[in-house]
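One letter stands for each residue in the lines below.
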Amino acid sequence: FRRSKNRKSKSKKKKIESPIFLDTSAIIDGRVFDVVNLGLFTGTFVILESILLELKHIADSQDMVKRVRGRKGLDLLEKLKKSKRNKVIVLPDDENFRNKEVDEKLINTSRNYKGRIITCDYNLEKKAAISGVLPININTLANYLKITAVPGEALHIGILHKGKEITQGVGYLDDGTMLVVENASGDLGKTVDVVVSRVIQTTAGRILFAKKI
């Protein structure tokens, strides 16, 4: 009798239309909300109770930076919930995952509801992918959207500060990509014409190196 009852209760699990699970790291990062406001994501945004609790702990942190980011994340979540364009629900943690870590709860619940996870956490991204859940890493997305510059391309760039080498000057493209210019340490505050000499891909993104024309 108990088994049939359990099966019945499981069959009553409410279906969520195209669920998109938000991770704590993505919420406090904040960029995902700008992407959401563009209307690029369609579906139901889901916040696990354990994620919400983790977010509240960060908002109450003794560390001022964490506290500010946590509170900002809560504010952005509240705005998302009030938005008529998007559907947002808070989902209670599954009893079967009570003793699991927050990441494991998120991955298992996402898999059960056939949802996606939006995160900024590299390790969570890899764990989710291995577990058969589609992860969307905001940092990866940002790197894909960065302006592509190739060696030989001419640019007009403002020199903002000195580089690691004493002769180098550093400027930034509109998307935040760092551009290191040789022999430009004396051009601080000026805008110079340069030509890209090489492009280096790092874990933090692309770094361009250029020479003055």
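Given the structure is predicted, the values throughout are model-derived calculations rather than measurements.

Enquirer: Please explain the overall build of the protein as it appears in this structure.
Expert: What the protein contains, in helices and strands, is eight helices and 11 strands. Taken over C-alpha atoms, the radius of gyration comes to 23 Å for the protein, far larger than the 17 Å a tight globule of 213 residues would show. If you line up the protein on its principal axes, its C-alpha atoms span 80 × 35 × 35 Å. Looking at the protein residue by residue over its 213 residues, the buried ones come to 38%. Long-range pairs, those at least 24 residues apart, make up 57% of the contacts in the protein with a sequence separation of at least 6.

Enquirer: Can you walk me through the environment of Glu-49 in this structure?
Expert: By secondary structure assignment, the location of Glu-49 is in helix H4 (residues 49-59). For Glu-49, a relative accessible area of 42% translates into the label partly exposed.

Enquirer: Mind showing me how you'd approach the pairing of strand S4 (residues 116-119) here?
Expert: The side chains of a regular strand alternate between both faces of the sheet. Strand direction decides the pairing type here: strand S1 (residues 19-22) and S4, joined by three bridges, are parallel. If you follow Leu-22 over to S4, its bridge partner there is Ile-118. In this sheet, strand S5 (residues 134-137) lies alongside S4 in parallel orientation, the contact comprising four bridges. When the bridges of S5 are listed, Arg-116 appears paired with Leu-134. Between the parallel elements S4 and S5, the chain passes through helix H7 (residues 122-130) in a crossover that is right-handed.

Enquirer: Would you take a moment to explain the packing of aromatic side chains for this structure?
Expert: By convention here, two paired aromatic rings are described through the distance between centres and the angle between planes. Throughout the structure, instances matching the rule amount to two aromatic pairs. With centroids separated by 6.5 Å and ring planes inclined at 50°, the aromatic side chains of Phe-21 and Tyr-113 adopt a geometry described as tilted. Placement of Phe-21 in strand S1 and of Tyr-113 in the loop between helix H6 (102-112) and S4 is noted, with a sequence separation of 92 residues between them. For the residue pair Phe-21 and Tyr-113, the accessibility class agrees, reading buried in each case. When the ring centre of Phe-209 is taken as reference, the NZ or CZ atom of Arg-198 above it lies at 4.1 Å.

Enquirer: What am I meant to see in the layout of surface pockets here?
Expert: Over the atoms, a rolled probe matching the size of one water molecule traces out where space is still vacant. The volume enclosed by the second largest pocket comes to roughly 180 Å³. Those elements that provide at least two residues to the lining of the second largest pocket are H7 and helix H8 (138-144).

Enquirer: Would you explain the confidence of the model for the protein in this entry?
Expert: For the protein, per-residue confidence averages 89 on the pLDDT scale, and 93% of positions sit at 70 or higher. Scored below 50 in pLDDT, residues 1-11 shows zero contacts in the model against residues more than four places distant or in partner chains.

Enquirer: Quick question: what am I supposed to make of the sheet that holds S1 here?
Expert: Strands pair in a sheet through their backbones, by hydrogen bonds, and they do so in one of two ways: parallel or antiparallel. Ordered by their spatial adjacency, five strands build an open sheet running S3-S2-S1-S4-S5, and the pairing between neighbours is parallel. Looking at the sheet topology across the chains shown, the edges are occupied by strand S3 (87-91) and S5. Mean inter-strand twist for the sheet, computed between neighbouring axes without regard to direction, equals 30°. Along the sheet, H7 contacts S4 and S5; its crossing angle with S5, the most-contacted strand, is approximately 160°.

Enquirer: Would you mind showing me how to read H4 here?
Expert: The α-helix winds at 3.6 residues per turn, so residues separated by three or four positions along the chain end up facing the same way. Burial in H4 covers these residues: Ser-50, Ile-51, Leu-52, Leu-55 and Ala-59. Where the residues of H4 are buried, they touch S1, helix H2 (24-29), strand S2 (44-48), helix H5 (64-82), S3 and H6.

Enquirer: What is the right way to read the nonpolar core from this model?
Expert: The tendency in soluble globular proteins is for nonpolar side chains to be buried side by side. Among the nonpolar cores identified, the biggest contains 36 residues, and Leu-22, Leu-77 and Ile-118 are the most heavily contacted of them. In this structure, Leu-77 is in contact with Leu-22, Ile-27, Phe-33, Ile-47, Leu-52 and Leu-55, ignoring residues within four places of it in sequence.

Enquirer: Any chance you could explain the side chain of Ser-110 here in plain terms?
Expert: As for its placement among the helices and strands, Ser-110 is situated in helix H6. Apart from residues no more than four positions distant in its own chain, Ser-110 is found in contact with Phe-21, Gly-115, Arg-116, Ile-117 and Val-133.

Enquirer: Mind showing me how you'd approach the sheet that holds strand S8 (residues 169-172) here?
Expert: As summarised here, the arrangement of the six strands in space is S6-S10-S11-S9-S8-S7, forming an open sheet in which the pairing is mixed. Of all strands in the sheet, those bounded by a partner on one side alone are strand S6 (154-158) and strand S7 (161-162). Judged from the five bridges that link them, strand S9 (residues 178-182) and strand S11 (residues 205-212) form a sheet pairing that is parallel. Counted as the bridge partner of Met-178 is Ile-207 from S11.

Cut-off values and rules
Residues numbered from 1 in each chain as written. Predicted model: local features only at pLDDT ≥ 70, side-chain atom pairs only at ≥ 80, totals over all residues. Heavy atoms only, no water. Helix = DSSP H or I, 4+ residues; strand = E, 2+ residues; numbered from the N terminus. Rg over C-alpha atoms; globule rule 2.2 N^0.38 Å. Buried < 20%, exposed > 50% of the residue type's maximum accessible area, 1.4 Å probe, protein only. Contact = heavy atoms within 4.5 Å. Pairing = 2+ DSSP bridges. Right-handed = clockwise from strand over helix to strand, strands pointing away. Phe/Tyr/Trp six-rings, centres within 6.5 Å; stacked < 30°, edge-to-face > 60°. Lys NZ or Arg CZ within 6 Å of the ring centre and 35° of its normal. 1 Å grid on protein atoms, 1.4 Å probe; cavity = no way out; pocket = protein on both sides within 12 Å on 5 of 7 lines; lining within 4 Å. Points joined across faces, edges and corners; volume = space filled by probe spheres on them. pLDDT = per-residue confidence, 0-100. Axes fitted to C-alpha atoms, helices over the stretch in contact; angles between N-to-C directions. Core = buried A, V, L, I, M, F, W, Y, C linked by side-chain atoms within 4.5 Å.

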